[in-house]
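Chain residues, written in single-letter form:
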Amino acid sequence: MYEIRIHSRGGQGGVTAARLLADAAFRGGKYATASPFYGAERRGAPVVSFVRIDDRPIKVYSQIQHPDMVVVLDPSIMEAVDIFQGLKSEGEILLNSSHPITFEGYRTHCVDLTGIAIARTLVVAGSPVVNTPLLGALAKVGIISLDAARAAIRGMFSDNRNVQAAEDAYGELVL
Amino acid sequence: MRGETAMQLIATGNKAIAEAVRQVNPEVVAAYPITPQTEIVEQIAAYVSDGTLASQYIPVESEHSAMAACIGASVTGARTFTATSSHGLLYMHEMLHWAAGARVPVVMANVNRALGPGWNVWAEHSDAFSQRDTGWLQVFVSTVQEAYDTTIMAFRIAEHEDVLLPLMVNLDGFTLSHTMQPLETVVVGDFIPPLHLPHAIDVAHPRGYGPLTGPDEFFRFRWDIERSMRDARKVILDVEADFGKRFGRQYGPIEEYRCEDADILLIAMGTFGKEAEVAVDDLRREGIKAGSLRVRWFRPFPVLDLSGRDVVVIDRGYSFGFGGVLTRSIQATTKAEPFSVIAGLGGQEVTYRDMAGFVRNRRPGEEEWFGVNTIV
């Protein structure tokens, strides 16, 4: 089982990111679950969502204790939240960042999801839409295929700029 | 309009319930939103709005009115559905007794959530347990697929001529209502026959509804509810067997996992009962012969054979001054001396590792409040 924890801020679309990722994994023939942890929901507050992907049906509902990957949609959250908590050694980190950041002991990938969203004019209520480009980045890392990412995005959003943003992130992320 | 083809998709528990309702196509849906159930009635309203569901949708001003509207519609012979949660369910309380007494087969999804104060929106089973004695059938599901399948079966069970009682489908708030899992839909076809309510209002044959009823007749009406509740056991088995034959997924009053040769049974309801299977696998690897027994139907309560096995019950609802509701139900109907673990109230996090610990450190006959007086 591959387990992913997504850190975001309320209003950033972290919950939708988890659902899109599970949807894409499912379209790729895997079993997948997406379970957001709902706290007191307020805009800007730290939020976590969980995605599990496996070749067998998944029976676990409790929160992910030892993720294989941590996704951070807003790096400033690291001042408030320990994103490394329980992360497996040799685990992966995917950061939404315009500049490269590395963490010793972990494979870290950086991609400027916010910049991609703004360039594609994907801004809703003042917030750049980072969850659809995120799917492209996750495809590049190899969690899902780019085709599955496209299909999952099209299943939820009619605006094709979301698919283009995912393709941008796929192209921009250097492994 | 009914879906013409089965689909494979990934969906939340709430979406699955709405999709099942769309497939069964009740004539009337009356509902009021409440977290974490709101997505069900929002989705149903969207189906009605886009024309893929022909139900008459009544957006009422309260849960009490939602149930009253369902009862009123049901008495005319219409198929009805509603959904609620927590305080919404409690606000219906008077009407829940009325629905059972009036013998109307209303189907309701209840997304299990704690009761305030303190204000809490997360899962526990106290809301459903508090309506235990209203005469409703109650079933607790553990996966998105089971939520869908059970909601479809619920209509046929409740509407069966030997039952004619309302039915509550329970699913854990957020843990299941908001978790996405794979879902395979079905095309119900004639699995759900037209509803025939023998006591439906018929203007050609006027009858009195809800008149003053003397003790002798009243007593017989109550016995009649209990007789139907007992008959429901067989109806449930028959409907679940037919569902399995047609659609390939088997259900029963309980779900057993590795119980055949088990020395210790871990008993739970809802999503805990599914995650317990992972605990059982871990315990088996250590050489502990554990099994998971998930109580699916709560009313009518299943007949359990627990003889010769140690029993650990995880209880997600409590009767203050008495004990865990599931624990006490098992003690009342079997000779078991369970180790009773009260856990998961108000959404308390309980993992399969914790559950395996309950089994390793069991103390038969005792009660433990997980994380409070825990020795795990």
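Higher on the page you've got the structure.
All values reported here derive from a predicted model rather than from experimental measurement. (Residues numbered from 1 in each chain as written. Chains lettered and ligands numbered in written order. Predicted model: local features only at pLDDT ≥ 70, side-chain atom pairs only at ≥ 80, totals over all residues. Heavy atoms only, no water.)

**With respect to the interface of chain B and chain A**
When the parts of a complex come together, some accessible area is lost, and that lost area is often taken as the interface size.
Item 1. Contact residues are listed per partner, giving 27 residues for chain B and 20 residues for chain A.
Item 2. Regarding the contact of chain B and chain A, the summed buried area is about 2,000 Å², with carbon and sulfur atoms giving 62% of it.
Item 3. In terms of surface lost to chain A, no three residues of chain B exceed B:Ile10, B:Met180 and B:Glu349, which account for 27% of the buried area on that side.
Item 4. The tally of links between chain B and chain A comes to two salt bridges.
Item 5. Ionic pairing is found between B:Glu39 and A:Arg19, a salt bridge with its closest N-O pair at 3.9 Å.
Item 6. At the level of elements, strand E1 (8-12), strand E8 (180-184), helix H9 (270-285) and helix H11 (352-360) of chain B are the ones that each hand at least two residues to the side of chain B that touches chain A.
Item 7. The element that contributes the greatest number of residues to the side of chain B that touches chain A is H9(B), accounting for five residues.
Item 8. Looking at the side of chain B that touches chain A residue by residue, the classes come out as eleven nonpolar, ten polar and six charged. (Contact = heavy atoms within 4.5 Å. Buried area = accessible area lost by both parts, 1.4 Å probe. Salt bridge = Lys/Arg side-chain N within 4 Å of Asp/Glu carboxyl O. Helix = DSSP H or I, 4+ residues; strand = E, 2+ residues; numbered from the N terminus. Nonpolar A, V, L, I, M, F, W, Y, C, P; charged D, E, K, R; others polar.)

**Observations regarding the sheet that holds strand E17 (residues 367-369) of chain B**
Residue and element names in this part refer to chain B.
Item 1. If you trace the six strands from one edge of the open sheet to the other, you get E9-E11-E10-E13-E16-E17, paired in mixed fashion. Of all strands in the sheet, those bounded by a partner on one side alone are strand E9 (254-257) and E17. Averaged over all pairs of adjacent strands, the angle between strand axes in this sheet comes to 20°, irrespective of strand direction.
Item 2. Sheet analysis places strand E13 (residues 310-315) next to strand E16 (residues 339-342), joined by four bridges and oriented parallel. Along E16, the bridge assignment pairs Val312 with Phe339.
Item 3. Where helix H10 (residues 325-333) meets the sheet, its contacts fall on strand E10 (264-268), strand E11 (290-295), E13 and E16, and the angle it forms with E13 comes to roughly 145°. (Pairing = 2+ DSSP bridges. Axes fitted to C-alpha atoms, helices over the stretch in contact; angles between N-to-C directions.)

By themselves, these observations are geometric and do not establish any function.
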